[in-house]
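Single-letter residue listing:
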Amino acid sequence: MQVTEILTDHTLMALELRGSEDYPIRFYLDIMDEFDLRGIHWHWHPELEFNVITRGTMEYYVENEHHTLTAGQGIVKNANVLHMAEPAAHSPDAEMFSVIMDAAFIAPPRSVIYQKYVAPLLGAQGLRSLTLSPDLPWQRQILDDLRQAYALSQTETGAYELHIHRLMCRVWQGIFEHASQLPRHDLTLTQRTDQVRVKAMISYIQAHFREKVTLDQVAQAASVSRNTCLNAFRRVLGLSPMEYLINQRLEHALHLLLTSDLPVAQVAETCGFGDASYFGKAFRKKTGLSPTQYRHRRLQRPGDSL
């Protein structure tokens, strides 16, 4: 499956990524230059995520961590961590595949296997991500298993579900057996406080982005001062609250342009842009196209589905 945007709810939890209850794993192809905003915005989900870069260079941000990875490398992101990804500046055509897996795919939560081998790593607060390199034999095996699992998900031939399950169990076994070598990045008290505050402020922006939002209102959502609000956002997300607000409005505008017949001016108003001219400038700066050009180009793409 190929995606070009990640939809989230008001808490930034990703929607429509997870597998079904009876088969809780999904596979995605992510071609970065086809993403609407040239990257995957900040989000989180209760599932584990595995990414393998197949072309170019990717930049990953996992809460306070930053990783630059190239083709052949990969990354594992723990459950419930805030993360984003974008192609490196010199590599707009970067590509990767992603595996989103509920840990219950390995074994039922009440089972001995889950309690003994899965739960301890899910609860490791200092383990937010693990980069994978083919230079280390055990990590090379994980990368190979992920590639096989992705290939099987595309062909769906034979007993592919059983084969994928066996491969993902082996992936997890490799991680568990090297638990003592896994990088731990325990948050300082300031970092933990920043995380709580930023998530509260993000939730406010997500709930009110269609309205007129001020910096004071965002700061009040976390009961902090304007300066504390700005500094926390910069430390955690690397951008200001107002930049995040504009990005949220633009993402909603992209969705409306493709799923509705609303005039561009009404899209701007619905998404919280008080001025259609400013909306046009912000949209072109982010996508390289006017709203009208974007709507026509995307709707005319062969094979696109909404």
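Residues numbered from 1 in each chain as written. Predicted model: local features only at pLDDT ≥ 70, side-chain atom pairs only at ≥ 80, totals over all residues. Heavy atoms only, no water.

## Section: empty space enclosed by the protein
Right, so step 1: Throughout the structure, instances matching the rule amount to 2 cavities of 30 Å³ or more.
Right, so step 2: Reported here for the largest cavity is a volume of approximately 90 Å³.
Right, so step 3: Surrounding the largest cavity, Leu48, Val76, Lys77, Asn78, Leu121, Leu127, Arg128, Ser129, Leu130, Trp172, Ile175 and Leu182 form its lining.
Right, so step 4: Elements supplying a minimum of two residues to the lining of the largest cavity: β6 (74-77), β9 (129-132) and α3 (160-177). (1 Å grid on protein atoms, 1.4 Å probe; cavity = no way out; pocket = protein on both sides within 12 Å on 5 of 7 lines; lining within 4 Å. Points joined across faces, edges and corners; volume = space filled by probe spheres on them. Helix = DSSP H or I, 4+ residues; strand = E, 2+ residues; numbered from the N terminus.)

## What to know about helix α9 (residues 276-287)
Right, so step 1: Helix length check: α9, at 12 residues, gives a terminal C-alpha distance of 16 Å against a target of 16 Å (1.5 Å per residue), a fit within 8%.
Right, so step 2: For α9, the complete set of buried residues consists of Phe279, Ala282, Phe283 and Thr287. Buried residues of α9, seen end-on, are gathered within an arc of 110° and therefore sit on one face of the element. More than 90 degrees from the buried face of α9, the exposed residues found are Lys281 and Lys285.
Right, so step 3: Where α9 starts, the residue carrying a side-chain oxygen 3.0 Å from the main-chain nitrogen of serine 277 turns out to be aspartate 275.
Right, so step 4: Looking one or two places after α9, you find glycine 288, whose phi comes out positive at around 85°. (Expected span 1.5 Å × (residues − 1). Buried < 20%, exposed > 50% of the residue type's maximum accessible area, 1.4 Å probe, protein only. Arc of directions from axis to C-beta. Polar contact = N/O pair within 3.5 Å; in protein donor to acceptor, adjacent residues only side chain to side chain.)

## A closer look at unusual backbone geometry
Right, so step 1: Of note in the backbone geometry, asparagine 80 takes a positive phi value of approximately 65° without being a glycine.
Right, so step 2: Residue position: asparagine 80 is located in the loop between β6 and β7 (83-87).
Right, so step 3: Residue asparagine 80 is classed as partly exposed on the basis of its relative accessible area of 41%.
Right, so step 4: We note that serine 223 has phi near 55°; this positive angle belongs to a residue other than glycine.
Right, so step 5: Mapped onto the fold, serine 223 is located in the loop between α5 (215-221) and α6 (226-237).
Right, so step 6: Using a relative accessible area of 69% as the deciding quantity, one classes serine 223 as exposed.

## Side note on the confidence of the model for the protein chain
Right, so step 1: Here the protein chain averages 87 in pLDDT, and 89% of its residues register 70 or above.
Right, so step 2: Within the model, the stretch residues 2-6 combines pLDDT values under 50 with 20 contacts to residues more than four positions away or in other chains.
Right, so step 3: Confidence drops under pLDDT 50 across residues 302-306; counting only partners more than four residues distant or on other chains, this segment forms 3 contacts. (pLDDT = per-residue confidence, 0-100. Contact = heavy atoms within 4.5 Å.)

## Brief notes about the packing of α6 against helix α7 (residues 241-259)
Right, so step 1: The geometry of α6 relative to α7 is characterised by a closest axis approach of 9 Å and an angle of 65° between their N-to-C directions. Contacts from Cys229, Leu230, Phe233, Arg234 and Leu237 in α6 reach Pro241, Glu243 and Tyr244 in α7.
Right, so step 2: A per-class count over the contact of α6 with α7 returns 6 nonpolar, no polar and 2 charged. (Axes fitted to C-alpha atoms, helices over the stretch in contact; angles between N-to-C directions. Nonpolar A, V, L, I, M, F, W, Y, C, P; charged D, E, K, R; others polar.)

## Remarks on helix α1 (residues 112-122)
An α-helical turn contains 3.6 residues, so a residue and the one three or four places further along point in the same direction.
Right, so step 1: Within the sequence span of α1, burial applies to Tyr114, Val118 and Leu121. Take α1 and look down its axis: the buried residues cluster within an arc of 100°, on one side only.
Right, so step 2: Next to the buried residues of α1 lie α3.

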